[in-house]
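# Fold and contact review
Residues per chain are reported as follows:
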Amino acid sequence: MLHLPKPDVQKRAYGKAIKIFLELMQQELETAGYQDVQVRQFTKPLKAFIQDPEVAAVLGKVFDADCRLVATGDLAKAWQRLDLPYLPEDFDWEFVGKSYLRGIKKQIQESAELRTIFLPSIVSLYC
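Now for a quick tour of the structure.

Rules of the game
- Residues numbered from 1 in each chain as written.
- Predicted model: local features only at pLDDT ≥ 70, side-chain atom pairs only at ≥ 80, totals over all residues.
- Heavy atoms only, no water.
- Axes fitted to C-alpha atoms, helices over the stretch in contact; angles between N-to-C directions.
- Helix = DSSP H or I, 4+ residues; strand = E, 2+ residues; numbered from the N terminus.
- Parallel < 35°, antiparallel > 145°, perpendicular 65-115°, else oblique.
- Left-handed = near helix turned anticlockwise from the far one by under 90°.
- Contact = heavy atoms within 4.5 Å.
- Nonpolar A, V, L, I, M, F, W, Y, C, P; charged D, E, K, R; others polar.
- Buried < 20%, exposed > 50% of the residue type's maximum accessible area, 1.4 Å probe, protein only.

This part is about the packing of helix α4 (residues 53-60) against helix α5 (residues 72-81). Contact geometry of α4 with α5 gives a least axis separation of 10 Å together with a crossing angle of 160 degrees. The angle between α4 and α5 places the two elements in the roughly antiparallel class. In terms of crossing hand, the pair formed by α4 and α5 is left-handed. Residues Glu-54, Val-55, Val-58 and Leu-59 of α4 lie in contact with α5, whose contacting residues are Asp-74, Leu-75, Ala-78 and Arg-81. When the residues that make up the contact of α4 with α5 are grouped by side-chain class, the tally is 5 nonpolar, no polar and 3 charged.

Written as structure tokens, this is what we have:
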């Protein structure tokens, strides 16, 4: 019988994290009154945004056990630096960041595999 290697749990977790982030961005655009057609216009800009190394680093930091805050100011600056389309004036980066962090922490708590990877062991806290 052929035994395939276990899927890369960490890679899958990062993929889910990006999905959560993109859903939150969409939600925030919809909250600001953007219609489906307008939201779809952000597909390519969002792809460019999440592929930016600085943005990826900010989004990946939520997997650090001691992460308590997403650097939303850095995300907002990266959006401008990349010269992406105008976001609504009332776009709430803080809401997106807090919701993203909560979503990822929940994802880690609900998965035994992710807890072993992303939460420090009790032993390591005392060594």
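Moving on, we get to unusual backbone geometry. A positive phi angle, close to 55 degrees, is found at Asp-83, a residue other than glycine. For Asp-83, the location among the structural elements is in the loop between α5 and α6 (93-109). Judged by its relative accessible area of 68%, Asp-83 falls in the exposed class.

Right, let's get into the environment of Trp-93. With respect to the element layout, Trp-93 can be found in helix α6. Classification of Trp-93 as buried rests on a relative accessible area of 12%. Sequence-distant contacts of Trp-93, that is, excluding residues within four places in its chain, are made with Phe-21, Met-25, Phe-49, Thr-72, Leu-75, Ala-76, Trp-79 and Leu-87.

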